[in-house]
There are 2 protein chains.
Amino acid sequence: MIDEILALIENKEFVKLRSTLAEMNAPDIALMFDEVPQDTVLRLFRLLPKELAADTFVEMEPDTQEHLISAFSDKELRDVLEEMYVDDTVDIIEEMPANMVKRILKQTDSETRSAINKILKYPKDSAGSIMTIEYVALKAEMTVSQAFDRIRATGVDKETIYTCYVMDANRHLIGITTAKDLLLSDPQTKIGDMMETNVIYVDTFEDKEHVANLFDKYDFLAMPVVDKETRLVGIITVDDVIDVIQEENTEDIEKMAAILPSEKPYLKATVWETFKNRVPWLMLLMLSSTFTGKIISSFEETLAVCVALTAFIPMLMGTGGNSGGQSSVTVIRALSLGDVEMKDIFKILKKELLVAFLCGIALAVVNFGKMMLIDQADILASGQSPVLVAVVVSLTLVATVICAKLVGCSLPILVKRLGFDPAVTASPFVTTIVDAISLLIYFEIAMNILQF
Amino acid sequence: MIDEILALIENKEFVKLRSTLAEMNAPDIALMFDEVPQDTVLRLFRLLPKELAADTFVEMEPDTQEHLISAFSDKELRDVLEEMYVDDTVDIIEEMPANMVKRILKQTDSETRSAINKILKYPKDSAGSIMTIEYVALKAEMTVSQAFDRIRATGVDKETIYTCYVMDANRHLIGITTAKDLLLSDPQTKIGDMMETNVIYVDTFEDKEHVANLFDKYDFLAMPVVDKETRLVGIITVDDVIDVIQEENTEDIEKMAAILPSEKPYLKATVWETFKNRVPWLMLLMLSSTFTGKIISSFEETLAVCVALTAFIPMLMGTGGNSGGQSSVTVIRALSLGDVEMKDIFKILKKELLVAFLCGIALAVVNFGKMMLIDQADILASGQSPVLVAVVVSLTLVATVICAKLVGCSLPILVKRLGFDPAVTASPFVTTIVDAISLLIYFEIAMNILQF
């Protein structure tokens, strides 16, 4: 595809080039623009029809956008900005250096500029920060047929015409209606008589993850955003919600794997950026395992008497970490989907205790069998009774799995209660705590049963 | 809310109850039905208006649905089924026992029944399995005004009227148009002249995760599904895609945490179900750590000479596991978002190698300092040179981080290449491999530097 287009440029077949580009979709053109030589981007961009040009601009990488903005004439920039929705303009502004932002704001009309500035002020993860202001506004006194006239007159500039918002004289949201209901209604019906008054809306400061959960639950295509006096200030559309869901999931997954959230796709981030996102947690977890080391050091004499015990440390710590990780990740996910809440903590603890007990017993039985079959010789060689050592390890397993699962399920809830993101309490974090606990249990049980 | 409704039942205020319920949204009524006593569910359900009743039924838990189906008269069941979209009926059928399925199919008309049977035959994760057949079909010869007549006549039963599909006489998909474009067009325009012919569609057997990525990329509200001869067989709507995205993410997160994917929300699953999803991986990982144990046993003499070395095993294995986990989780996520592909493996390996080198050096430097400050006394007590032991541990750190990151980033790609889900190669799996590698490196370096 790219080769074909480069060949058309080479041969100066601009008519064919123009029609080929006009047939393509904006996201595909944007992908192509990230691959072709930078000096051809502007020439290709100028061949696009106005609306497609703006749609493509929105989809491009920030680098390419920046390059184009500095290459555009004032008029070109204004044309692109006029076709764009305010939420997309805000997204682009957030990625641009100060001088580019100045240029963009200078080319927007004063009404749009004040809307942009308002949206930029909302907190990063709020509903206000992802909303747009291009919606269809209707009045309760209008008839269905007048509503259609309104949609025909203004709809071309709206992000969605499929949900329409009914406001009173003070811009309070009093109802919504859909294009489907309008189409299936008698043209003379008053909007006030057919609109849905039981409207679900969100506040500008609502967390965007909660907004996404509402879309998931109610199957909305768009949702109104209101201020403290329930005046309509904007709408959020489903396409932006899908982006929110994917970003939040990526962020949660990264945090669970002890990585700081990255802003860029994997291959776009530089080595240095990736390093900076990964090393802090590695460092912290490495230093915190000093405690585990200290525990082992303090039981050095026990270990010297029975070196065979050392061989089971990795298995015990690994099983503890995996058990705790399972519980914490399950609870973190359930919290972010809204499946569990703070008040469910006792239900969760009870369930995890039972599951841990079953897992612990199952693992202990298999481990006992395995040790008697496979590790007997090693243990005998170190001068201990294989049965006793197998009992020590198996009992430790049960106790470790129970502790790990209880710590794993309660930590995310406690951390959320304290106002932090529970995702950081996943496997690596839980593992470090569980490592220390399982070693203490191990040596305690060993000293009692093997009678050092 | 529930108390209020139970009080209304108690006082037999059915008129008020009916109007209260009619004002509520289907997902909220469904949530309430899961909480009230089972014998009141049918009485409440009978008070709902027909359409709301069907919408609520779709949102309920399978248990409640099953209870209602067995309590319904044939007519009641038929009424509910008639209001439902085929994709929702299929979802319910998949959860029901055989006798309920028989009852449901008996109450649907033969056309719907054959559509249901067709959809049930598509593979579990395919586009065909999540599509529905209620779409607006237009002909190229129609005018815009005729198209509106068609929408008004049939739209009430369609899952979406906002994207309309244009087919030729043999049901081949030849174009699409949107309600927005129709509203903004002259009523006498021919559909064939205004429709979009460059249609993005998927095959019935396409993976649903790929379908979700297409919605994310192109911001669709609906997408056509075609058979091998590009005949239109159904559509997928954005609300179902959000469900797919959330399910796929939950599944990936569970697999990454060594849990078998669960079908139910956390609190709905029984202890036994949760146990069954968690114990297999714990068992497998426990048994595979036998290798790690064997490695330690085989170096027992080394450890007996310098017990201080044991204290650093947890830190080395932990850091290795965390480093490898970071890389594998990053690559797994990038694979599922479509950010990287098989062909990028060399770019990925190069990047991970550089990041690993930087991380390894940073960690080693800090670790060396920490050991000289904190662990010096312990090492001296075991009769070794603190500097030499610190060098051994720090060198092992660098080598372990590099191995861990290379294994972590390449394993998901290899596993995907072999046709399995890469998500299973996240932290726990990588950790087990890296544990063994890091121990071998550790003892090798220790024997060389400390000269046993």
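Here the structure is a predicted model, which means the values were calculated and not measured. (Residues numbered from 1 in each chain as written. Chains lettered and ligands numbered in written order. Predicted model: local features only at pLDDT ≥ 70, side-chain atom pairs only at ≥ 80, totals over all residues. Heavy atoms only, no water.)

**A few points about the overall build of chain A**
Here is the rule we go by: Here a helix means four or more residues in a row that DSSP labels H or I, a strand means two or more in a row labelled E, and each is numbered from the N terminus. Within these notes, the globule rule equals 2.2 Å times the number of residues to the 0.38 power, and the radius of gyration is based on C-alpha atoms. Each residue gets one of three labels from its accessible area relative to the maximum for its type: buried under 20%, exposed over 50%, partly exposed in between, using a 1.4 Å probe on protein chains only. Any two residues whose heavy atoms approach within 4.5 Å are treated as being in contact. Only the protein chains shown count as cover for residues, with accessible areas throughout obtained via the Shrake-Rupley method and a probe of 1.4 Å. Neither His nor the chain ends contribute to the count of charged residues, in which Lys and Arg are positive and Asp and Glu negative. We put the charge of a Lys on NZ, of an Arg on CZ, of an Asp on CG and of a Glu on CD.
For chain A, the count of helices and strands is 23 helices and six strands. In terms of overall dimensions, chain A is more spread out than a globule: its C-alpha atoms have a radius of gyration of 30 Å, far above the 22 Å expected for 452 residues. Put simply, chain A has 452 residues, and 56% of those count as buried. The contacts of chain A with a sequence gap of at least 6 include a subset with a gap of at least 24, amounting to 67%. Roughly 19,400 Å² of accessible area belongs to chain A as shown, and the carbon and sulfur atoms make up 57% of that amount. Counting 41 positive and 67 negative side-chain charges, chain A places the averaged centre of each group 4 Å from the other.

**Concerning helix H17 (residues 271–288) of chain A**
Defined as follows: What a helix should span is 1.5 Å times the count of its residues minus one. Fitting axes to the seven residues that end at a residue and to the seven that start at it, the angle between those axes gives the bend at that residue.
With 18 residues, H17(A) extends 26 Å between its outermost C-alpha atoms, agreeing within 8% with the 26 Å of an ideal straight helix rising 1.5 Å per residue. At A:Arg278, H17(A) shows its maximal kink, close to 30 degrees; a proline, A:Pro280, follows between one and four residues later. As for H17(A), its buried residues are in contact with helix H18 (290–298) and helix H23 (427–450) of chain A together with helix H20 (313–337), helix H21 (345–381) and helix H22 (386–417) of chain B.

**Remarks on the packing of aromatic side chains**
Residue and element names in this part refer to chain A. The test is simple: Classification of ring pairs rests on two measures: the distance between centres of Phe, Tyr or Trp rings, Trp counted by its six-membered ring, which must be within 6.5 Å, and the angle between planes, read as stacked under 30 degrees, edge-to-face over 60 and tilted in between.
One pass over the full model with this rule turns up 25 aromatic pairs over all chains. Geometrically, the ring pair formed by Phe 57 and Phe 72 is tilted, given 5.9 Å between the ring centres and 40 degrees between the ring planes. In this pair, Phe 57 sits in helix H5 (residues 50–59) while Phe 72 sits in the loop between helix H6 (62–71) and helix H7 (74–83), placing the two residues 15 residues apart along the sequence. For the residue pair Phe 57 and Phe 72, the accessibility class agrees, reading buried in each case. Taken together through their ring pairs, the aromatic side chains of Phe 33, Phe 45, Phe 57 and Phe 72 make up a single cluster.

**Overview of the sheet that holds strand E1 (residues 136–138) of chain A**
Residues and elements named next belong to chain A. Rule in force here: Two strands qualify as a pair provided that DSSP identifies no fewer than 2 bridges between them. Think of each axis as a best-fit line through the C-alpha atoms, taken over the contacting stretch in the case of a helix, with angles from 0 to 180 degrees between the N-to-C directions.
Judged by pairing direction, the sheet is mixed, and its three strands sit side by side in the order E1-E2-E3 without closing on themselves. Strands at the two margins of the open sheet, each flanked by one partner only, are E1 and strand E3 (173–178). Strand-to-strand, the axes of this sheet are offset by a mean angle of 35 degrees, without reference to chain direction. Note: strand E2 (residues 163–167) against E3, five bridges, orientation antiparallel. Each bridged residue has a counterpart across the sheet, and for Thr 163 the counterpart in E3 is Thr 178.

**Structural notes on the relation of the copies chain A and chain B**
Heads up, the condition is: Least-squares superposition aligns the copies on the C-alpha atoms of those residues with pLDDT at or above 70 in both.
Mapping chain A onto chain B leaves a residual RMSD of 0.1 Å; the transformation is a rotation of 180 degrees accompanied by 0.1 Å of translation along its axis. Each copy turns onto its partner about a two-fold axis. The share of interface residues of chain A whose copies in chain B are also at the interface is 100%, consistent with both copies meeting through the same surface.

**Considerations on the interface of chain A and chain B**
The line we're drawing: Buried area is calculated as the accessible area (1.4 Å probe) missing from two parts once they are joined, with the contributions of both summed. What makes a salt bridge here is a side-chain nitrogen of Lys or Arg within 4 Å of a carboxyl oxygen of Asp or Glu, nothing more. Nitrogen and oxygen atoms within 3.5 Å of one another constitute a polar contact, given that in protein one can donate a hydrogen and the other can accept it, and given that sequence-neighbouring residues count only through two side-chain atoms. Residues are grouped as follows: Ala, Val, Leu, Ile, Met, Phe, Trp, Tyr, Cys and Pro are nonpolar; Asp, Glu, Lys and Arg are charged; all remaining types, including Gly, are polar.
Taken together, the contact between chain A and chain B spans 109 residues of the former and 109 residues of the latter. Around 10,000 Å² of area is buried between chain A and chain B when both sides are counted, 67% of it from carbon and sulfur atoms. Counting across the interface, chain A meets chain B through eight salt bridges. Taking the shortest distance from any N to any O, the salt bridge between B:Asp28 and A:Lys217 comes out at 2.8 Å. The tally of links between chain A and chain B comes to 45 residue pairs in polar contact (both at pLDDT 80 or more). Top element by residues in the side of chain A that touches chain B is helix H21 (residues 345–381) of chain A. It accounts for 16 residues. Of the residues that constitute the side of chain A that touches chain B, the class distribution is 59 nonpolar, 26 polar and 24 charged.

**Remarks on the environment of A:Pro37**
Residues and elements named next belong to chain A. Tracing the chain through its elements places Pro 37 in the loop between helix H3 (26–33) and helix H4 (38–45). On the basis of relative accessible area, Pro 37 is assigned to the partly exposed category, the value being 42%. When the C-alpha atoms of Pro 37 and Leu 6 are compared, they prove to be 9.5 Å apart, with 31 residues separating the residues in sequence.

**A closer look at the sheet that holds strand E3 (residues 173–178) of chain B**
All names here are of chain B. With respect to topology, three strands assemble into an open sheet ordered E1-E2-E3, the strand pairing being mixed. With one partner strand each, in any of the chains shown, strand E1 (136–138) and E3 form the two edges of the open sheet. Direction aside, the axes of adjacent strands within the sheet are offset by 35 degrees on average.

**As for the pairing of E2(A)**
All names here are of chain A. Judged by how many residues are buried, E2 sits mostly within the fold: five of five residues are covered. On E2, burial covers both faces: Thr 163, Tyr 165 and Met 167 on one face and Cys 164 and Val 166 on the other are all buried. In the sheet, E1 pairs with E2 via three bridges, with the strands oriented parallel. Each residue of the ladder has a partner; that of Val 136, found in E2, is Cys 164.

**Topic: the packing of helix H20 (residues 313–337) of chain A against H23(A)**
All names here are of chain A. Under the convention used in this document: Working definition: roughly parallel below 35 degrees, roughly antiparallel above 145 degrees, roughly perpendicular at 65 to 115 degrees, and oblique for all remaining angles. Less than a right angle of anticlockwise turn of the near helix away from the far helix marks a crossing as left-handed, whereas a clockwise turn marks it as right-handed.
In contact at an axis separation of 8 Å, H20 and H23 are set at 135 degrees when each is read in the N-to-C sense. Considered as vectors, H20 and H23 are oriented oblique to each other. In the crossing of H20 with H23, the sense of the turn from one axis to the other is right-handed. Here H20 contributes Ile 313, Leu 316, Met 317, Gly 320, Gly 321, Gly 324, Gly 325, Ser 328 and Val 329 to the contact with H23, which in turn contributes Ser 427, Val 430, Thr 431, Val 434, Asp 435, Ser 438, Leu 439, Tyr 442 and Phe 443. Its residues assigned to classes, the contact of H20 with H23 comprises nine nonpolar, eight polar and one charged.

**Digging into the pattern of salt bridges**
All chains considered together, the criterion is met by 36 salt bridges over all chains. With a closest N to O distance of 3.1 Å, A:Glu229 and A:Arg231 form a salt bridge. For A:Arg231, a relative accessible area of 33% translates into the label partly exposed. Between B:Asp125 and B:Lys124 there is a salt bridge, with the nearest N and O atoms lying 3.6 Å from each other.

**Some thoughts on the confidence of the model for chain A**
Selection rule: What pLDDT expresses is the predictor's confidence in each residue, scored from 0 to 100.
Scored by pLDDT, chain A has a mean of 90; 100% of the residues are at 70 or more. Scored by ipTM, the complex comes to 0.85, with pTM at 0.86.

**Structural notes on the state of the cysteines**
Cysteine pairs can be linked by a disulfide, which is a covalent bond between their two sulfur atoms. Where we set the bar: Pairs of cysteine sulfur atoms within 2.5 Å are identified as disulfides in what follows.
This model, assessed by the stated rule, comprises zero disulfides over all chains. No disulfide involves B:Cys164; its sulfur sits 16 Å from the nearest other cysteine sulfur, which is in A:Cys164. When its relative accessible area of 0% is taken as the criterion, B:Cys164 is described as buried.

**Remarks on a negative patch on the surface**
Short version of the rule: Here a patch means residues that are over 30% exposed by relative accessible area and free of salt bridges, tied together within 9 Å if like-charged and within 5 Å if nonpolar (Val, Leu, Ile, Met, Phe, Trp, Tyr).
Together, A:Glu23, A:Glu51, A:Asp55, A:Glu59, A:Glu82, A:Glu83, A:Asp109, A:Glu111, A:Asp157, B:Asp181, B:Glu196 and B:Asp219 make up a region of like negative charge exposed at the surface. Elements represented by at least two residues in the negative patch include exactly H5 and H7 of chain A. Of the residues forming the negative patch, the biggest block, three residues, is contributed by H5(A). Along the chain, the position of A:Glu82 falls in helix H7.

**Let's talk about the packing of H21(A) against helix H18 (residues 290–298) of chain B**
Contact pair H21(A) / H18(B): the axes reach a minimum separation of 11 Å and the direction vectors enclose 15 degrees. Taken together, the axes of H21(A) and H18(B) lie roughly parallel to each other. Two packed elements cross with a definite hand, and for H21(A) against H18(B) that hand is right-handed. Contact residues: H21(A) offers A:Lys370, A:Ile374, A:Asp375 and A:Asp378, while H18(B) offers B:Thr290, B:Lys294 and B:Ser297. Residues belonging to the contact of H21(A) with H18(B) are distributed by class as follows: one nonpolar, two polar and four charged.

**A short note on the pairing of strand E5 (residues 222–226) of chain A**
All names here are of chain A. The buried count for E5 comes to five of five residues, which makes it a mostly enclosed element. The alternating pattern of E5 places Ala 222, Pro 224 and Val 226 on one face and Met 223 and Val 225 on the opposite face, and all of these are buried. Where strand E4 (residues 202–203) and E5 come together, two bridges link them in parallel fashion. Residue pairing across strands places Asp 203 opposite Val 226, the latter belonging to E5. Bridge count between E5 and strand E6 (residues 232–237): five bridges; the pairing is antiparallel. Considered in E6, the bridge of Met 223 is made with Ile 236. Hairpin connection of E5 to E6: five residues between the antiparallel strands, including Thr 230 at a positive phi of 50 degrees.

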